[in-house]
Amino acid sequence: MGNIHTVGPNQALIVSGGCCGSTSKKTVVGGWAWAWWLVTDVQRLSLEVMTLNPVCENVETAQGVPLTVTGVAQVKIMKNPELLHTASEQFLGKKEHEIKSTVLQTLEGHLRAILGTLTVEEVYKDRDQFASLVREVAAPDVGRMGIEILSFTIKDVYDNVTYLQSLGKAQTAAVKRDAEIGVAQANRDAGIREAECEKAAMDVKYSTDTKIEDNSRGFKLQKANFDSEVNTAKAEAQLAYELQAAKIQQRIRNEEIQIQVVERRKQIEIEEQEIKRKEKELIATVKLPAEAEAYKVQTVAEGMRTKTVEAARADGEKIRLIGAADARAVEAVGRAEAERMRMKASAYKQYGDAAILALVLEALPQIAAEVSAPLAKTDEIVLIGGSDRTTQEINKLVGTLPPAIQALTGVDLTGALGKIPGATMVKP
C-alpha cells in the first residue's frame, strides 16, 4: 500500500521510483501524488523566491581602477516541467543556503567578468544598464540549473583609491563653474527682462488708467440716465401701486360687507335653528314626558282597577268555596254527632242502668278536673262567713253537680246512685 502526499503552490513534490523497477519520476506543484511504500521516494523542493546579495571587492575595471560593487538579486526555481526536472537533479536533497551559495557564486563570477570590460564612468553613471547586462549574461547559465533571475539591481559602487571622489570633485567644480556662469547670465538677462517688463507694465498701466477713467465717465453718464429712468419708473410704479391698492382695498371692503351679510344670514339661520331646537327640547323634556306620565298614570289606574276587580272576584270565589267547605264540614260533623248520639243511645239501651252508671263513674274524674281547672289557676280563695257557712257552701257546690252531669251527659246521677244497693240518699 502507500500514502497520498500533498503540496502547496510554493513547493514541488518529486516522486521517484515505483513498482516493477520504474525509473521515471513525477513532479507535482500545488497538488497531490500517490507514493507506494518502500519502493517510492518522495522529496520536496521549495519554489519560493530567494534573495541574494552578490559582492565583488576590488575588481579592476577596463581602466585598472579597483571598484567594489554590491547588488541585490531575486531568484527562484522555475516551474516548467523540464527545468523543474533539471533543478531537482541538481538541487534535490540540498538545503536552501547551499542552493543560494551555488547561484550566488555564478552571479558574482559574471559580475566580475563584466566589470573588467567597463569603465568607472560607465559603471557609476549607468547602473541600470550595468545591471541589465549582468542579468542578460548570467541568465543562460543559471537557467541551465533550472533557476530564473527575477530581478537584479546594483546596490552600491565605491572604491578605496578615492577615484570616484576625485571624479566627483572635478565634476562638481565644472558644475559649479557652469552654475556661476549660468547665474551671471541669468542675472543679466533678468535685469534686461525686468526693465522691459517694467516699461511694458507702465505702458499697460497708463493705458489701463485712461481706459478706466473713460469707462468711469461713461458709467456715470449711463448711471445718471438709468437713475432718471429708474426714478420715473418708481414714481409711476408708486402711483400705480397706490391706485391698485385703493382698488384692492375697495374690493376688500366689498368682500367684508358681503361677509358681514353672509354672517348675518347665517346668524339668523342659527337663531331659527336654535328656536326649533328649543321647541324640540321643550317637546322632548316637557310635553312628551307629561304625555308619557299621563299614559303611565292611566295605564296604572286601569291595572289597579283590573287588579281590584279580579281580587274581589277571587275573594268572593274564595269565600264561596270556604263557605261551601264549612257547610260540608258542619254537615259532616252534625251527621257524625248524630250518629254518635244515636249509637250512644243504642248502647245505653243495650247496656242498661249498670252500664250507664259505670260510664258516669268513669267520666266523673274528668268532669271534676274540668270543674276544678279554673280553681287550679286561682292563687287564693277567700270565703266570707263563719265555719258553718263554709260547710254550707261546699255542700251547695256538690249539690249542683248532679244537675250539671245530667245536663252534660243526659244521665240522672242522683237516680243512678239511688239504685245502688245499700246506698242512702241525703236530701239537702
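Residues numbered from 1 in each chain as written. Predicted model: local features only at pLDDT ≥ 70, side-chain atom pairs only at ≥ 80, totals over all residues. Heavy atoms only, no water.

### A short note on the overall build of the protein chain
As a reminder of what qualifies: Here a helix means four or more residues in a row that DSSP labels H or I, a strand means two or more in a row labelled E, and each is numbered from the N terminus. Burial here depends on accessible area, computed with a 1.4 Å probe over protein chains only, as a share of the maximum for the residue type. Under 20% is buried, over 50% is exposed, and the range in between is partly exposed. The criterion used for residue contact is that any of the two residues' heavy atoms lie within 4.5 Å. Accessibility throughout is a Shrake-Rupley quantity obtained with a 1.4 Å probe, and a residue counts as covered only by protein chains that appear here.
The helix and strand tally for the protein chain stands at 8 helices and 9 strands. Split into buried and exposed, the 428 residues of the protein chain put 17% on the buried side. Within the protein chain, counting contacts between residues at least 6 apart in sequence, those at least 24 apart form 66% of the total. In the structure as shown, the protein chain presents an accessible area of about 31300 Å², 58% of it carried by carbon and sulfur atoms.

### Some points on the pattern of salt bridges
So the rule is basically this: Any carboxyl oxygen of Asp or Glu that lies within 4 Å of a side-chain nitrogen of Lys or Arg is treated as forming a salt bridge with it.
By the definition in use, this model includes 12 salt bridges. Put simply, Glu96 and Lys100 hold a salt bridge, and the shortest N to O gap is 3.7 Å. Note that Glu96 and Lys100 are positioned in helix H2 (residues 96-115) at a spacing of 4 residues, about one turn of the helix. Of the charged contacts in the structure, one is a salt bridge between Lys199 and Asp203, with a shortest N-O distance of 3.3 Å. Taken together, the residues Lys199 and Asp203, both in helix H5 (residues 163-376) and 4 residues apart, mark about one turn of the helix.

### Notes on the sheet that holds strand E5 (residues 40-46)
Our working rule: DSSP bridges decide pairing: two strands pair if at least two such bridges lie between them. Throughout, an axis means a line fitted to C-alpha atoms (over the contacting stretch in the case of helices), and angles, computed between N-to-C directions, take values from 0 to 180 degrees.
Read across the open sheet, the 3 strands follow the order E3-E2-E5; overall the sheet is antiparallel. Since the sheet does not close on itself, it has two edges, and those belong to strand E3 (25-29) and E5, each with one partner. With strand direction ignored, the average angle separating the axes of adjacent strands in the sheet is 20 degrees. Where strand E2 (residues 11-17) lies against E5, 7 bridges are found, and the strand directions are antiparallel. Bridging across to E5, Gly17 finds its partner in Thr40. Against the sheet, helix H1 (residues 81-91) engages E2, E3 and E5, with an angle of about 110 degrees to E3.

### What to know about the pairing of E2
Residues in a regular strand project their side chains so that they alternate between the two faces of the sheet. Direction of pairing for E2 relative to E3: antiparallel, over a ladder of 5 bridges. Paired with Ala12 across the strands is Val29, a residue of E3.

### Regarding the environment of Leu92
One can find Leu92 in the loop between H1 and H2. Linking Leu92 and Arg44, residues 48 residues apart in sequence, is a C-alpha distance of 7.8 Å. Excluding its chain neighbours within four sequence positions, the residues that come into contact with Leu92 are Ile14, Gln43, Arg44, Leu45 and Ala87.

### Observations regarding the pairing of strand E8 (residues 66-77)
Within E8, 9 of the 12 residues are buried, leaving the element largely enclosed by the surrounding structure. One ladder, built from 3 bridges, connects strand E6 (residues 50-52) with E8; its direction is antiparallel. Across the sheet, Met50 pairs through a bridge with Val75, a residue of E8. Across 4 bridges, the pairing between strand E7 (residues 55-60) and E8 is antiparallel.

### A few points about unusual backbone geometry
Positive phi outside glycine occurs at Asn58, with the angle close to 50 degrees. Here Asn58 lies in strand E7.

### Remarks on the confidence of the model for the protein chain
Defined as follows: Summary of the metric used: pLDDT quantifies the predictor's per-residue confidence within the range 0 to 100.
Model confidence for the protein chain is summarised by a mean pLDDT of 77, while 75% of its residues fall at 70 or above. The lowest-confidence element of the protein chain is helix H6 (residues 387-399), averaging 62 in pLDDT; the highest-confidence one is E6, averaging 88.

### Quick word on the side chain of Ser88
Note on placement: Ser88 falls in helix H1. Residue Ser88 is classed as buried on the basis of its relative accessible area of 4%. With near-sequence residues (within four places) excluded, Ser88 lies in contact with Ile14, Lys25 and Leu45.

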